[in-house]
Amino acid sequence: MRDKTNQSLKTRLSVLNFLEFAVWGSYLVCLGQYLGPHGLGADIAWFYSMQGIVSVFMPAIMGIVADKWIPAQRLLGICHILAALFMGAAWWYGATHPVLEFAPFFTLYSLSVAFYMPTIALNNSVSFKVMKAAGMDTVVAFPPIRTLGTVGFIAAMWFVNSAYFHDGTFGFTLSESNPFAEYRFQYTEMQLFTCAVLGVILGLFSFTLPHCALSRGGERKSVAQMLGLDAFRLFADRRMCIFFIFSMLLGVALQITNGFATTFISSFKGVAEYAGTFGANNSTLLTSLSQISEALCILMIPFFLKRFGIKRVMLIAMGAWVLRFGLFGFGDPGSGLWMLIASMIVYGVAFDFFNVSGALFVDQETDERVKSSAQGLFMLMTNGIGASVGTILAGMVVNHYCSWQVVGNGSYMLGDWSTPWLIFAGYSLVVCIAFAVCFRYKHTNPSAGEVEKARAETVEIE
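As the structure is a prediction and not an experimental result, all values here were calculated from the model.

### Structural notes on the overall build of the chain
Scanning the chain for helices and strands turns up 18 helices and four strands. Looking at the 462 residues of the chain, the share that counts as buried comes to 57%. Contacts spanning at least 24 positions in sequence make up 78% of the contacts within the chain whose residues lie at least 6 apart. Total accessible area on the chain stands at roughly 18,400 Å², and carbon and sulfur atoms take up 66% of it.

Written as structure tokens, this is what we have:
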């Protein structure tokens, strides 16, 4: 009987994780393709940096609320519904305004993101609490459940890549020759509508999950401790200080391709030689290979960590970022399509090896009292400060070399794309070399359980 109950809980948590990341995948990598032709092409970086900015404080605030006042599963539902309502409002604004004004649209989008980003941590918290209450081993049970999150992200990308809606006609196509191809969700405000609908469904579903008890009694904590600010004392340790600084520097690379990859690939539709190629017309589908690679590369981490150690694994990740950007710099959807595909495959190594090995290092090297805060600090340095600053700077670089231009019936970001990608590759190479010289670490073999724990604690930014 208990096995049946546990299997039912696993199924429900799998649905939770699938929807959690499907909400995000419906717009994350293709938003720039909508913003550009509708007047906000120069501001793409600000939209992506907002995810990092709100991640600096919103997850910590909502974590305190979930611990003290509102049960985690209920707060998860509230946050998703609020995020969906604001994204729905952004969709409606876009549907009624062919040319977007920055202030109202960005405000609605930002409010949606502000309530969505905390749900990633809340989703993990609910999953862990439910599994522990049912007597499950979270190290064993959670990774397969979390993998469904990546599947959900990919499924949403495939959906918005091929689904179209225009004048009451709905359907799917991968062919540019289809008369409705230009109305596919990856190019229109319907990607926001998809996000909003999934968000409402997920919000309501969250209310059906088992109750998560509030924290009662125990040691009283200061506001600084509740926000995880006590982890900043780790900067007094020279090695940890160096590690966190380099985490921030490499975090600069994390959101660049989320913000500009599909815009870059779709720009080839404005070049006669590549206008009819499959890759140029299905950029979101092509980019989904990155998430498939990310899901598969996690399986290689235990072997690489045992064989090479954390420092070398992180150097491999940094080298992978060099290849990720460099292959974009030389690739195209024609004869250079293999380079774009190779860049997508390399992404799995670049993202997973950095995030998971970094989380494992933090777990191994910090005191039990500040482990959770230290993980939060790692995420703050990478996905908060690093990714936000990096995306804004990347936007400045891209806008310097490229601009939105009307070609035929479409609008594409054209110009010298190779130079920005090679600048990003050169930056990653400099960080890689500096890390190899500055960071000292003696290798010890982590257990498989420690690797899975690190994976579970990593707040993943696709």
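Next comes the rest of the write-up.
### With respect to the packing of helix H10 (residues 238–251) against helix H17 (residues 418–438)
The contact between H10 and H17 brings their axes to 10 Å, and the two run at 170°. Judged on the interaxial angle alone, H17 and H10 are roughly antiparallel. Contacts between H10 and H17 involve Ile 242, Phe 246, Leu 249 and Leu 250 from the former and Tyr 427, Val 431, Ala 434, Phe 435 and Cys 438 from the latter. For the contact of H10 with H17, the per-class residue count stands at nine nonpolar, no polar and no charged.

### Things to note about the packing of helix H14 (residues 301–330) against H17
Relative orientation of the contacting elements H14 and H17 amounts to 165°, with a least axis distance of 7 Å. The angle between H14 and H17 places the two elements in the roughly antiparallel class. Along this stretch, H14 crosses H17, giving a crossing that reads as left-handed. The segment H14 lies against H17, with Lys 311, Met 314, Leu 315, Met 318, Gly 319, Trp 321, Val 322, Phe 325, Gly 326, Phe 328, Gly 329 and Phe 330 engaging Ser 418, Trp 421, Leu 422, Phe 424, Ala 425, Ser 428, Leu 429, Val 431, Cys 432, Phe 435 and Ala 436. When grouped by side-chain class, the residues that make up the contact of H14 with H17 number 17 nonpolar, five polar and one charged.

### A closer look at the side chain of Gln 186
For Gln 186, the location among the structural elements is in the loop between strand S2 (169–172) and helix H8 (190–206). Overall, Gln 186 belongs to the buried group, its relative accessible area being 0%. Polar side-chain contacts of Gln 186 include one of 3.4 Å to the side chain of Tyr 187. Leaving out residues up to four positions away in the same chain, Gln 186 has contacts with Cys 30, Gln 33, Tyr 34, Val 160, Asn 161, Gln 191, Asn 281, Asn 282, Ser 283 and Thr 284.

### Brief notes about helix H6 (residues 102–133)
The end-to-end C-alpha separation of H6 is 46 Å, in line with the 46 Å expected for 32 residues at 1.5 Å each. Remark: the principal bend of H6, roughly 30°, maps to Ile 120. Remark: Gly 135 follows H6 within two positions and exhibits a positive phi of approximately 80°.

### Here's the deal with the confidence of the model for the chain
This prediction gives the chain a mean pLDDT of 88; 90% of its residues lie at or above 70. Taken element by element, the chain is modelled with least confidence in helix H18 (residues 448–457), mean pLDDT 56, and with most confidence in H8, mean pLDDT 98.

### What to know about the packing of aromatic side chains
Evaluated as defined, the whole model comprises 45 aromatic pairs. Aromatic side chains Phe 159 and Phe 185 sit 5.7 Å apart centroid to centroid with 75° between the ring planes, which places their arrangement in the edge-to-face category. Highlighted residues: Phe 159 in helix H7 (residues 138–162) and Phe 185 in the loop between S2 and H8, separated in sequence by 26 residues. Its relative accessible area of 30% is what places Phe 159 among the partly exposed residues. With a centroid separation of 6.0 Å and 90° between ring planes, the pair formed by Trp 321 and Tyr 347 is classed as edge-to-face. Of this pair, Trp 321 sits in helix H14 while Tyr 347 sits in helix H15 (residues 337–365); the two residues are 26 residues apart in sequence, bridging distant segments of the chain. Like Tyr 347, Trp 321 is buried. The rings of Phe 264, Phe 268, Tyr 274, Trp 321, Phe 325, Phe 328, Tyr 347, Phe 351, Trp 417, Trp 421 and Phe 424 are connected pair by pair, giving a single aromatic cluster. The ring of Phe 21 has Arg 146 lying over it, and the distance from NZ or CZ to the ring centre is 3.9 Å.

### A few points about the pattern of salt bridges
Applying the stated criterion to the full structure yields two salt bridges. With a closest N to O distance of 3.7 Å, Arg 184 and Glu 176 form a salt bridge. The partner of Glu 176 in a salt bridge is Lys 269, and the shortest N-O contact between them spans 4.0 Å. Taken as a pair, Glu 176 in the loop between S2 and H8 and Lys 269 in the loop between helix H11 (256–266) and helix H12 (278–281) lie far apart in primary sequence, 93 residues in all. Its relative accessible area of 34% is what places Glu 176 among the partly exposed residues. The exposure class of Lys 269 is buried, given its relative accessible area of 12%.

Cut-off values and rules
Throughout this description, residue numbers start from 1 for each chain and increase along the sequence as written. Note on the predicted model: pLDDT of at least 70 is required for a residue's local features to be given, and 80 or more for side-chain atom pairs to be given and counted; whole-chain, interface and lining totals, by contrast, use all residues. Processing note: side-chain calculations cover all non-hydrogen atoms of the structure and skip hydrogens and water entirely. Counting from the N terminus, the helices are the DSSP runs of H or I reaching at least four residues and the strands are the DSSP runs of E reaching at least two. Only protein chains enter the accessibility calculation, which uses a 1.4 Å probe; a residue whose area is less than 20% of its type maximum is buried, one above 50% is exposed, and one in between is partly exposed. Contacts are residue-level and defined by heavy atoms, with any inter-residue pair within 4.5 Å sufficient. Using the Shrake-Rupley algorithm and a 1.4 Å probe, accessible areas are obtained, with residue cover drawn only from the displayed protein chains. Lines are fitted to the C-alpha atoms to define the axes, a helix being fitted only along its stretch in contact, and any angle between axes, read from their N-to-C directions, falls within 0 to 180 degrees. These descriptions rest on fixed angle ranges, namely under 35 degrees for roughly parallel, over 145 for roughly antiparallel, 65 to 115 for roughly perpendicular, and the rest for oblique. Residues are sorted three ways: Asp, Glu, Lys and Arg are charged, Ala, Val, Leu, Ile, Met, Phe, Trp, Tyr, Cys and Pro are nonpolar, and all the rest, Gly among them, are polar. By convention, the crossing between two helices is left-handed when the near helix turns anticlockwise from the far helix through less than a right angle, and right-handed when the turn is clockwise. Pairs of N or O atoms within 3.5 Å make up the polar contacts considered here, provided that, within protein, one atom can donate a hydrogen while the other can accept it, and that residues adjacent in sequence are counted only when both atoms are side-chain atoms. Take the number of residues in a helix, subtract one, and multiply by 1.5 Å to get its expected span. Here the bend at a residue means the angle between the axes of two seven-residue stretches, the one that ends at it and the one that starts at it. One confidence number per residue, pLDDT, is output by the predictor and ranges from 0 to 100. To pair, rings of Phe, Tyr and Trp, with the six-membered ring standing in for Trp, must have centres within 6.5 Å; the planes then decide the type, stacked if under 30 degrees apart, edge-to-face if over 60, and tilted in the middle. Two conditions define a charge located above a ring, namely a distance within 6 Å from the ring centre to NZ of Lys or CZ of Arg, and an angle within 35 degrees of the ring normal. Should a side-chain nitrogen of Lys or Arg be within 4 Å of a carboxyl oxygen of Asp or Glu, the pair is scored as a salt bridge.

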